[in-house]
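Okay, here's what each chain looks like letter by letter:
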Amino acid sequence: MVNPTLYAAFLVAALVLCITPGPDMMFIVAMGGRGGPSTGVLAALGVACAMFVHALAAALGLSALFLALPELYHVLRWVGAAYLFYLAVKAFRDRSLPGEDAGEDGGRPGPVRRRAFWQGALTNLLNPKVILFNVSFLPQFVDPRLGHMTGQLMILGLTIVVMGFVVDGSIGLLSGRLSAMLRRSRRVARGLNIFSGTVFAGLAVRLAAAPK
């Protein structure tokens, strides 16, 4: 259903993109730093699910709306920036003691862990750059001669979703384990919250200041 040569080239390009630090990876590192390993992995899973939605929209041609309606792009961009800024404020105001909210002891998950998936998904869904990326990147590896354009796009989209989750999930797990060790100190725990808030705020500014 896909051109083997194009698919091989796609795998290489997708791997390079997945291992290159970007907004999603920084977000997952910050989430893992705040809540521990499970939080980091759940945030990565949320991002992966959002990427699947983007891939599905691109395959069905829905993402082309953002090319035809630039105003829609800017509305989504500002909503996404506002949401990231909201997460930054929450992180800066977090005064919880180490281990109070992370829920990494096998017990009932804390609020941060429970919301990690949805925060990861919303952050990615509200980033119009991801939509435009799928519209411009995936079609380059589609062979029109084979037909089944939607099917080819879905295979490519699913591939990069799985690849991205493996990379981002590993990053979230590692950052969470490191933070779990560091959080034994209340001062370090507070520093990790400030780091997370700084990352969220930086991502918000980056998205808001994107070229028009």
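Cut-offs and rules
- Residues numbered from 1 in each chain as written.
- Predicted model: local features only at pLDDT ≥ 70, side-chain atom pairs only at ≥ 80, totals over all residues.
- Heavy atoms only, no water.
- Helix = DSSP H or I, 4+ residues; strand = E, 2+ residues; numbered from the N terminus.
- Buried < 20%, exposed > 50% of the residue type's maximum accessible area, 1.4 Å probe, protein only.
- Polar contact = N/O pair within 3.5 Å; in protein donor to acceptor, adjacent residues only side chain to side chain.
- Contact = heavy atoms within 4.5 Å.
- Core = buried A, V, L, I, M, F, W, Y, C linked by side-chain atoms within 4.5 Å.
- Phe/Tyr/Trp six-rings, centres within 6.5 Å; stacked < 30°, edge-to-face > 60°.
- Patch = residues over 30% accessible without salt bridge, like charges linked within 9 Å, V, L, I, M, F, W, Y side chains within 5 Å.
- Areas by Shrake-Rupley, 256 points an atom, 1.4 Å probe, with all protein chains shown as cover.
- Salt bridge = Lys/Arg side-chain N within 4 Å of Asp/Glu carboxyl O.
- Axes fitted to C-alpha atoms, helices over the stretch in contact; angles between N-to-C directions.
- Parallel < 35°, antiparallel > 145°, perpendicular 65-115°, else oblique.
- Nonpolar A, V, L, I, M, F, W, Y, C, P; charged D, E, K, R; others polar.

Asker: Honestly, the side chain of asparagine 3 in this entry has me stumped. Any pointers?
Answerer: Locating asparagine 3 in the fold gives a position in the segment before α1 (4-19). Residue asparagine 3 is classed as buried on the basis of its relative accessible area, which comes to 15%. Here threonine 5 takes part through its backbone nitrogen, which lies 2.9 Å from a polar atom of the side chain of asparagine 3. Residues within four places of asparagine 3 in sequence aside, it is in contact with Asp143, Arg145 and Leu146.

Asker: Explain the nonpolar core to me, please; I cannot follow it from the model alone.
Answerer: Most often, soluble globular proteins keep nonpolar side chains buried together rather than apart. With 27 residues, the main nonpolar core has Phe27, Ile28, Met31, Ala43, Leu84 and Phe200 as its most contacted residues. Elements that contribute at least two residues to this core include exactly α2 (23-35), α3 (37-59), α5 (70-93), α7 (128-137) and α9 (186-208). Examining the composition of this core, we find that seven residues originate from one element, α5, more than from any other. Contact partners of phenylalanine 200, with chain neighbours within four places excluded, come to Phe27, Ala30, Met31, Arg34, Leu84, Leu87, Ala88 and Ala91. Within the second largest apolar cluster, 15 residues are counted, among which are Leu138, Met154, Met163 and Val167.

Asker: Explain the packing of aromatic side chains to me, please; I cannot follow it from the model alone.
Answerer: Two aromatic rings, taken as a pair, are described by how far apart their centres are and by the angle between their planes. This model, assessed by the stated rule, comprises eight aromatic pairs. Where phenylalanine 27 meets phenylalanine 200, the ring centres are 5.3 Å apart and the plane angle is 45 degrees; that geometry is what we call tilted. Taken together, the residues phenylalanine 27 in helix α2 and phenylalanine 200 in helix α9 connect sequence positions 173 residues apart. On the basis of relative accessibility, which here comes to 1%, the residue phenylalanine 27 falls in the buried class. An aromatic cluster is present here, built from Tyr7, Phe10, Phe133, Phe137 and Phe141 joined pairwise through their rings.

Asker: I'm lost on a nonpolar patch on the surface in this one. Help?
Answerer: Where nonpolar side chains cluster on the molecular surface, the patch consists of Phe52, Val53, Leu56, Leu60, Leu62 and Leu158 and spans about 500 Å² of accessible area. With three residues, α3 is the single largest residue contributor to the nonpolar patch. For leucine 158, the position within the fold is in helix α8 (residues 149-182). A residue is classified by how much of its surface remains accessible, and leucine 158, at 39% relative accessible area, is partly exposed.

Asker: Help me out: how do you make sense of the environment of glycine 151 in this one?
Answerer: Positionally, glycine 151 belongs in helix α8. Put simply, glycine 151 and methionine 1 are 150 residues apart on the chain and 7.5 Å apart in space, counted from C-alpha to C-alpha.

Asker: Help me understand the packing of α5 against α7, please; the structure alone is not making it clear to me.
Answerer: In a packed pair of helices, the relevant descriptors are the angle between the two axes and the axis-to-axis distance. Where α5 contacts α7, the axes come no closer than 8 Å and their chain directions differ by 135 degrees. Taken together, α5 and α7 sit at an angle that is classed as oblique. Contacts between α5 and α7 involve Tyr73, Leu76 and Arg77 on the former and, on the latter, Pro128, Lys129, Ile131 and Leu132. A breakdown of the residues in the contact of α5 with α7 according to their chemical character gives five nonpolar, no polar and two charged.

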